[in-house]
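Here are the chains, one letter per residue:
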Amino acid sequence: MRITGISTHVVGTPWRNLTYVQVHTDEGITGVGETRMLGHTDALLGYLREAETNHILGSDPFAVEDLVKRMKYGDYGRAGEIVMSGIAVIEMACWDIKGKALGVPVWQLLGGKVTDKVKAYANGWYTTERTPEAYHKAAQGVMERGYRALKIDPFGTGHFELDHQQTLYAVSLIEAVRDAIGPEAELMLEMHGRFSPATAVRLAKELAPFKPAWLEEPVPPENLKALEKVAAKVDMPVATGERIHDRIEFRELFESQAVDIIQPDVGHIGGIWETRKLAATAETHYMLVAPHNVGGSVLTAASLQVGFTSPNFKILEHFNDFADAEIKKVVKGAPQVNPEDGCFHLSDAPGLGVELDVDAAAEFPQQQARFDLWAEGWEQRKPKGAQ
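None of these values were measured; they are calculated from a predicted model. (Residues numbered from 1 in each chain as written. Predicted model: local features only at pLDDT ≥ 70, side-chain atom pairs only at ≥ 80, totals over all residues. Heavy atoms only, no water.)

## Observations concerning empty space enclosed by the protein
A water-sized probe rolled over the atoms picks out the places where empty space is left.
1) Next: With the rule as written, the count across this model stands at 1 cavity of 30 Å³ or more.
2) Next: Looking at the largest cavity, its volume works out to about 80 Å³.
3) Next: Here the residues of the lining of the largest cavity sort into 7 nonpolar, 3 polar and 3 charged. (1 Å grid on protein atoms, 1.4 Å probe; cavity = no way out; pocket = protein on both sides within 12 Å on 5 of 7 lines; lining within 4 Å. Points joined across faces, edges and corners; volume = space filled by probe spheres on them. Nonpolar A, V, L, I, M, F, W, Y, C, P; charged D, E, K, R; others polar.)

## Let's talk about the sheet that holds strand β2 (residues 17–25)
1) Next: Across the sheet, which stays open at both edges, the 3 strands sit in the order β1-β2-β3 with antiparallel pairing between neighbours. Looking at strand neighbours, the two that pair on one side only are β1 (3–12) and β3 (30–37), the edges of this open sheet. Strand after strand, the sheet turns through a mean of 20° between neighbouring axes, direction not considered.
2) Next: Where β2 meets β3, 8 bridges bridge the pair, whose relative direction is antiparallel. Of the residues in β3, the one forming a bridge with Q22 is V32.
3) Next: Packing against the sheet, helix α1 (residues 41–56) makes contact with β1, β2 and β3, and its axis sits at approximately 175° to β1.
4) Next: Against the sheet, helix α3 (residues 81–102) makes contact with β1, β2 and β3, and its axis sits at roughly 150° relative to β3, the strand it touches most. (Pairing = 2+ DSSP bridges. Helix = DSSP H or I, 4+ residues; strand = E, 2+ residues; numbered from the N terminus. Axes fitted to C-alpha atoms, helices over the stretch in contact; angles between N-to-C directions. Contact = heavy atoms within 4.5 Å.)

## Quick notes on the pairing of strand β6 (residues 186–190)
1) Next: Extensive coverage of β6 is indicated by the burial of 5 of its 5 residues.
2) Next: Of the strand pairs in this sheet, strand β5 (residues 149–152) and β6 are connected by 4 bridges, and their pairing is parallel. Across the sheet, residue L150 finds its bridge partner in β6, namely L187.
3) Next: This β-α-β element, β5 to helix α6 (residues 164–181) to β6, shows right-handed connectivity.
4) Next: In this view, the connection linking β6 to its parallel neighbour strand β7 (residues 214–216) by way of helix α7 (residues 197–207) has right-handed handedness. (Buried < 20%, exposed > 50% of the residue type's maximum accessible area, 1.4 Å probe, protein only. Right-handed = clockwise from strand over helix to strand, strands pointing away.)

## Some words on the domain arrangement of the chain
1) Next: The domains assigned to the chain are domain 1 (1–103) and domain 2 (106–350).
2) Next: Computed from C-alpha atoms alone, the centre-to-centre distance between domain 1 and domain 2 is 25 Å.
3) Next: Facing 31 residues of domain 1, the contacting portion of domain 2 comprises 33 residues.
4) Next: In this assembly, domain 1 packs against domain 2 so that about 2500 Å² is buried in total across both faces, 61% of it on carbon and sulfur atoms.
5) Next: It is R16, R36 and W95 that lose the most area in domain 1 upon contact with domain 2, and together they represent 23% of the buried surface on that side.
6) Next: For K277, the salt bridge goes to E65, with nearest N and O atoms at 2.7 Å.
7) Next: Taken together, domain 1 and domain 2 are joined by 21 residue pairs in polar contact (both at pLDDT 80 or more).
8) Next: Taken together, the elements giving at least two residues each to the side of domain 1 that touches domain 2 come down to β2, β3, α2 (64–73) and α3.
9) Next: Sort the elements by how many residues they give to the side of domain 1 that touches domain 2 and α3 lands first, with 13 residues.
10) Next: Within the side of domain 1 that touches domain 2, the residues separate by chemical class into 13 nonpolar, 7 polar and 11 charged. (Domains from an automatic or database assignment. Buried area = accessible area lost by both parts, 1.4 Å probe. Salt bridge = Lys/Arg side-chain N within 4 Å of Asp/Glu carboxyl O. Polar contact = N/O pair within 3.5 Å; in protein donor to acceptor, adjacent residues only side chain to side chain.)

The structure is reproduced here in structure tokens:
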């Protein structure tokens, strides 16, 4: 079997473009991959056009390791977010092809399942007025849909510091959310790499009474010493990793022991097998894995293949029941959270178990998507001028 070409399809919303890539073969089997770029979609498409000629055409889709190696190192320049995301969408599609050709789900090819279900947590649910009352109502809605966990960044446009008044308001938002979801649901606290170590530590202590399940990206991701400083002073698990785009670059993070939960994005770190390798390394450091997942249903399906096969997999992020939920229709067989237990359940469907509906995808053309974390109202995910 050989790859005969690729086709790209961008599904657009005001705040995110989702790039779907179909990989076609000479035996008529087509695989699909997905990633979500922030402001770099056209750059990704340009890279894929060159990579198709230089590396992808004529390749054996079963030889995933060889194709990833050639795409990562065959252009000599160091691979960053765009290249690793391009590798990821092709890699996912190759696993999808392998599974379909063999008639088995991808998780079976990764060593088999270690669990029948993966817990989900909701994100993108607080696209509403930024008040305790509105957040309380929205959080109740999440629980009513069967989720047992959710994540929130309550810090507005805070950057490096958060003054006393803003701190009190952020605390009031978290208090409202905890009251809405009850004591048993998990509440993940997101900082988006906003703060100085001193501010992150102070805020973590202010919010500790509400029992956060983790403290995510408390400081900007470039400085591990700053992260170590926070980890040494807070009494809750620390999570990070979504903005690391190469498995090898996690080495210093592992050595530092500054985190408890790593959050690679399957769509940015080279795909399913790269993430599974990373999960195995994390296991040797007694760390859990909870992938960043702000994509659509194909990326969710790909992330679940890692989840079903990794003993140290904690939970999977899910946006698509809340923020622009209508885009779920572009994927047939989209994974769904079971409202009975708040989990994704194992699927025996071959490959990734999903198919891209090209006609449905065309209903959501690419947009000048923009997500500005420092703009007022960013949490509503509706850029200025968007309807």
